[in-house]
Amino acid sequence: MLGLGATRKGMQAIWFMLLLLVAIALGNSDIDSLLEFKKSIQNDPSGLVVNSWDSRSLDSDGCPKNWYGIVCSEGSVLSITLDNAGLVGELNFLAINGLTMLRNLSAVNNQFTGDLLHIATIESLEYLDLSLNKFNGPLLSNFVQLRKLVYLNLSSNELGGTLPVDFHKLEQLKYLDLHMNNFFGDIMHIFYPMGSVLYVDLSSNRFSGTPDLGLADESFLSSIQYLNISHNSLSGELFAHDGMPYLDNLEVFDASNNQLEGNIPSFTFVVSLRILRLACNQLTGLLPEALLKESSMMLSELDLSQNKLEGTFYVFW
């Protein structure tokens, strides 16, 4: 019996070692991906990545040990954060498409260049922030393979072209920021259809068309809280189709610096509105009384300057 017990303990030890080796092997596949990704970085002025991403520095489960910006669990890399590090290079996104558990990729405020052609291969991403870099080129149709994205910020880059026609298939998206790029096309192709997104900033691009939110998806109208479409080439009348739509939760609306015409909408059904900016357009007529009634007391900022409005305006302090 003692021999049998010892044999069982020996077998358990062997199985434990095998499982550990498998975990480390799986971890090493992620390590290899990160080391290949590291080769994309041509200049690391602070040495944050170059000095810490070392294949000899691993935990027992195969995870990187004290690698800058890396979060890992049980041999799987979950997050890469390389913000504000002054890094220079053309990122090889294909190198990390094998990180099947990667949820977060953030490289804000560096000097990364290149296109985003292969970013869609990282289908596990939920949070993607590449803002304040020098990425260029269009977003191709394969971009919508990132179906798990909740947060997307590509602002302040050199991206351009039209957005994929299937962009609305990013059904989990709650936060979208594309401002300060060179995107163009009819802005309504983005709003219809679009799901229950909370934050949208498309400002400082070259979008055109008439922003008729009455044609937008109902879930978008009921969920959107922040909408900035300023500094584009939008024209026509705001909400021309069915008049003022129900925007239950909209708090900030900025359509300034466009070529919008016609009367200012009543904003009667926008009960949460705090900030309204329509400056630098060609709007005419009188200021809607609804904006000055007690129901609009939540309004803390109203900018209608540099339009063609009529009548007398009174400001109360």
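Residues numbered from 1 in each chain as written. Predicted model: local features only at pLDDT ≥ 70, side-chain atom pairs only at ≥ 80, totals over all residues. Heavy atoms only, no water.

K.L.:
Any chance you could explain the side chain of Asn-133 here in plain terms?
P.N.:
With respect to the element layout, Asn-133 can be found in the loop between β7 (127–129) and β8 (134–137). Here Asn-110 takes part through its backbone nitrogen, which lies 3.2 Å from a polar atom of the side chain of Asn-133. For Asn-133, the side chain forms a polar contact with the main-chain nitrogen of Gln-111, separated by 3.4 Å. Excluding residues within four positions of it along the chain, Asn-133 makes contact with Ala-107, Val-108, Asn-109, Asn-110, Gln-111, Phe-112, Ser-156 and Asn-157. (Helix = DSSP H or I, 4+ residues; strand = E, 2+ residues; numbered from the N terminus. Polar contact = N/O pair within 3.5 Å; in protein donor to acceptor, adjacent residues only side chain to side chain. Contact = heavy atoms within 4.5 Å.)

K.L.:
Which parts of the structure should I look at to understand the pattern of salt bridges?
P.N.:
For side chains bearing opposite charge, pairing can occur when the charged atoms are close. Tallied over the entire structure, the rule returns 7 salt bridges. Across the pair Asp-166 and Lys-169 runs a salt bridge whose closest N-O atoms are separated by 3.6 Å. The class of Lys-169 is partly exposed, set by a relative accessible area of 31%. A salt bridge links Glu-301 to Arg-277; its shortest N-O distance comes to 2.7 Å. Pair noted here: Glu-301 is in strand β21 (residues 301–303) and Arg-277 is in strand β19 (residues 275–277), with a separation of 24 residues, a long-range link. Taking the relative accessible area as the measure of exposure, Arg-277 reaches 25% and is therefore partly exposed. Members of the salt-bridge network, linked through shared partners, are Asp-254, Arg-277 and Glu-301. (Salt bridge = Lys/Arg side-chain N within 4 Å of Asp/Glu carboxyl O. Buried < 20%, exposed > 50% of the residue type's maximum accessible area, 1.4 Å probe, protein only.)

K.L.:
Help me understand the packing of aromatic side chains in this model?
P.N.:
In this description, an aromatic ring pair is defined by two values, namely the gap between the centres and the angle between the planes. Counted by the stated rule, this structure contains 10 aromatic pairs. With 4.2 Å between their ring centres and 10° between their planes, Tyr-151 and Tyr-175 make a pair best called stacked. With Tyr-151 in strand β9 (residues 151–153) and Tyr-175 in strand β11 (residues 175–177), this pair connects stretches of sequence that are 24 residues apart. With 6.0 Å between their ring centres and 75° between their planes, Phe-239 and Phe-267 make a pair best called edge-to-face. (Phe/Tyr/Trp six-rings, centres within 6.5 Å; stacked < 30°, edge-to-face > 60°.)

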